[in-house]
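The chain contents come next:
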Amino acid sequence: QVQLVESGGGLVQPGGSLRLSCVASGSIFGAYVMGWYRQAPGKQRELVATITSGRNTNYADSVKGRFTISRDNAKNTVYLQMNSLKPEDTAIYYCNAKNFVRLQDYWGRGTQVTVSS
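All values reported here derive from a predicted model rather than from experimental measurement.

Enquirer: Even after reading the chapter, I still don't get the packing of aromatic side chains, so can you show me in this structure?
Expert: Scanning the entire structure with this criterion turns up 2 aromatic pairs. Arranged with centres 5.0 Å apart and planes meeting at 65°, the rings of Tyr37 and Trp107 form a pair that is edge-to-face. Here Trp107 lies in strand β10 (residues 104-107) and Tyr37 lies in strand β4 (residues 33-39), a separation of 70 residues in the sequence. For Tyr37, a relative accessible area of 14% translates into the label buried. Across from the ring centre of Tyr94, 3.8 Å away, lies the NZ or CZ of Arg45, which sits over that ring.

Here it is in structure tokens:
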């Protein structure tokens, strides 16, 4: 079992920055592909970014150049640095952990990010 707890969401003005954190507990953090997803009101959950244990990253086109995902395996933590935020980035952001060998898929409860003036 893996428990994921997100933090760092909030209200920010357009053009501002936020850093989300997700702390994992309960299993071997390094064995998981970590990711951030988001869900805006009335829309489906979508991929924002992922990072492998080897720190290979993947981003949605809508956030490339603005968001950066990183992980600290010693702290069991994955981060999402969000810069140049836009109103369309408003959503609940969810942390995800996947182990494709063990077919495990875990989600946090989410943290709200609101971009508004």
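Enquirer: Would you mind showing me how to read the nonpolar core here?
Expert: Nonpolar side chains in soluble globular proteins generally cluster together in the buried interior. If you look at the biggest cluster of nonpolar residues, it comprises 31 residues, and the most contacted ones within it are Leu4, Met34, Trp36, Val78, Leu80, Met82 and Tyr93. Mapped onto this core, the elements with two or more residues apiece are β3 (18-25), β4, β5 (46-51), β7 (67-72), β8 (77-82), β9 (91-99) and β11 (111-115).

Enquirer: So what exactly am I meant to see when it comes to unusual backbone geometry here?
Expert: Excluding glycine, most residues fall at negative phi; most peptide bonds, likewise, are trans. One non-glycine residue, Ser84, adopts positive backbone phi at about 50°. In this structure, Ser84 sits in the loop between β8 and β9. One non-glycine residue, Leu103, lies in the positive phi region at around 55°. On the secondary structure map, Leu103 appears in the loop between β9 and β10.

Quick notes on the rules
- Residues numbered from 1 in each chain as written.
- Predicted model: local features only at pLDDT ≥ 70, side-chain atom pairs only at ≥ 80, totals over all residues.
- Heavy atoms only, no water.
- Phe/Tyr/Trp six-rings, centres within 6.5 Å; stacked < 30°, edge-to-face > 60°.
- Helix = DSSP H or I, 4+ residues; strand = E, 2+ residues; numbered from the N terminus.
- Buried < 20%, exposed > 50% of the residue type's maximum accessible area, 1.4 Å probe, protein only.
- Lys NZ or Arg CZ within 6 Å of the ring centre and 35° of its normal.
- Core = buried A, V, L, I, M, F, W, Y, C linked by side-chain atoms within 4.5 Å.

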